[in-house]
Amino acid sequence: MNRDWIATARTLSEALPYMQRYTGAIVVVKFGGNAMGDDEEMAAFARDVVLMRQVGVNPVVVHGGGPMINDMLKRLNIQSTFVRGKRVTDKATVEVVEMVLTGLVNKRIVQAIMDEGGRAVGLSGKDDDLMVCEPDDPELGFVGRPIQMNVQVLRDLFNAGIIPVVAPVATGTEVTETYNVNGDTAAGAIAGALKADRLLLLTDVQGVKGPDGEIVTALTPEEVRKMIADGTIAGGMIPKTETALKAIEDGVRAVVIIDGRVRNACLLELFTEHGSGSMIRS
Ligand code: X2W
């Protein structure tokens, strides 16, 4: 018999206890713009999410799309700057952010999941008032910080066997306001409100590096706080780990920062002993 088939059967058999552990679990996956890649990589990600759903997990995809927003702003000759990792967002910029995230990026992911035989529905923080925001910082303009989450719509979609795909755009408390929300922040807020079993932050680095430059595979919130304070965690990893700390405070069981460019990153994390990246849990 073909050796590959034997290996495939063994892999499936070994995954059984993990699949059993995650039956009914809520797993929020933050899919960053830098982790998205080409159509083939997008299809591989979609297949992982559809497989999760197939074995009884309730996945929620919360996506970013920073690089795609940058491309569109450039085409429209709109300058863009970042302050502490967040895009300064004026009226013209927030329109582009909403168009790109809820249109191009959201529908590309929905389509990829449908193409793999899953059922997906795309929505933003505006739909059913999923995520209501207040201004994060006056310096940033229309950048939102989630203050009220209404996640019932996500539970309704789980119950219907549908994978929600959420764009990080939200309403405010005043009528007609639109807010641009950092993708990690939105994923953390959604995971927190759902008290998710796992928040997987898919990015383009391997995980959190320790003082020796090696990836640390398991961290407690206290250790993360210490590493932020002493500068071991720096740059773009600061908002990610802060999102993780907040999500755990809100009741998420564990947050994993993983390299989304690795094939089957989500399956590796959930269904094998190997795991990947850095897991933060109490
Ligand atoms: C982000 C939203 C998209 C995002 C932005 O405008 O780029 C803020 O910075 P990635 O791909 O996950 O970086 N919002 C406030 O977070 O995309």
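Report on the accompanying structure. Please read these numbers as outputs of a predicted model, since none were measured by experiment. (Residues numbered from 1 in each chain as written. Predicted model: local features only at pLDDT ≥ 70, side-chain atom pairs only at ≥ 80, totals over all residues. Heavy atoms only, no water.)

### Overview of the site of the ligand
- Around the ligand, a shell composed of 15 residues is seen, among which Lys-30, Gly-33, Gly-65, Arg-87 and Gly-183 lie nearest.
- At 2.7 Å from an oxygen atom of the ligand is found a main-chain nitrogen or oxygen belonging to Gly-33.
- Contact distances for the ligand include 2.7 Å between an oxygen atom and a side-chain N or O atom of Arg-87.
- Of the pockets mapped on this structure, the ligand occupies the largest pocket.
- Those elements that place two or more of their residues in the shell around the ligand are helix H4 (66-75) and strand E4 (86-87). (Near = heavy atom within 4 Å. Polar contact = N/O pair within 3.5 Å; in protein donor to acceptor, adjacent residues only side chain to side chain. 1 Å grid on protein atoms, 1.4 Å probe; cavity = no way out; pocket = protein on both sides within 12 Å on 5 of 7 lines; lining within 4 Å. Sits in = over half its atoms within 2 Å of the grid points. Helix = DSSP H or I, 4+ residues; strand = E, 2+ residues; numbered from the N terminus.)

### Description of the pattern of salt bridges
- Following the criterion strictly, the structure yields 14 salt bridges and no others.
- Taking the shortest distance from any N to any O, the salt bridge between Glu-98 and Lys-126 comes out at 2.9 Å. Of this pair, Glu-98 sits in helix H5 (residues 91-115) while Lys-126 sits in the loop between strand E5 (120-124) and strand E6 (131-135), and the two are 28 residues apart along the sequence.
- By relative accessible area, which is 27% here, Lys-126 ends up partly exposed.
- Through salt bridges with shared partners, a single network forms among Lys-30, Asp-184 and Lys-240. (Salt bridge = Lys/Arg side-chain N within 4 Å of Asp/Glu carboxyl O. Buried < 20%, exposed > 50% of the residue type's maximum accessible area, 1.4 Å probe, protein only.)

### Things to note about the layout of surface pockets
- In this structure, the largest pocket encloses a volume near 700 Å³.
- Lining the largest pocket are 32 residues, with Lys-30, Gly-85, Asn-182, Asp-184 and Lys-240 sitting closest to its centre.
- Looking at the lining of the largest pocket, the elements with two or more residues in it are helix H2 (33-36), H4, E4, helix H7 (183-194), strand E11 (198-203) and helix H9 (237-249).
- The element contributing the most residues to the lining of the largest pocket is H4, with four residues.
- There is about 570 Å³ of room inside the second largest pocket. (Points joined across faces, edges and corners; volume = space filled by probe spheres on them.)

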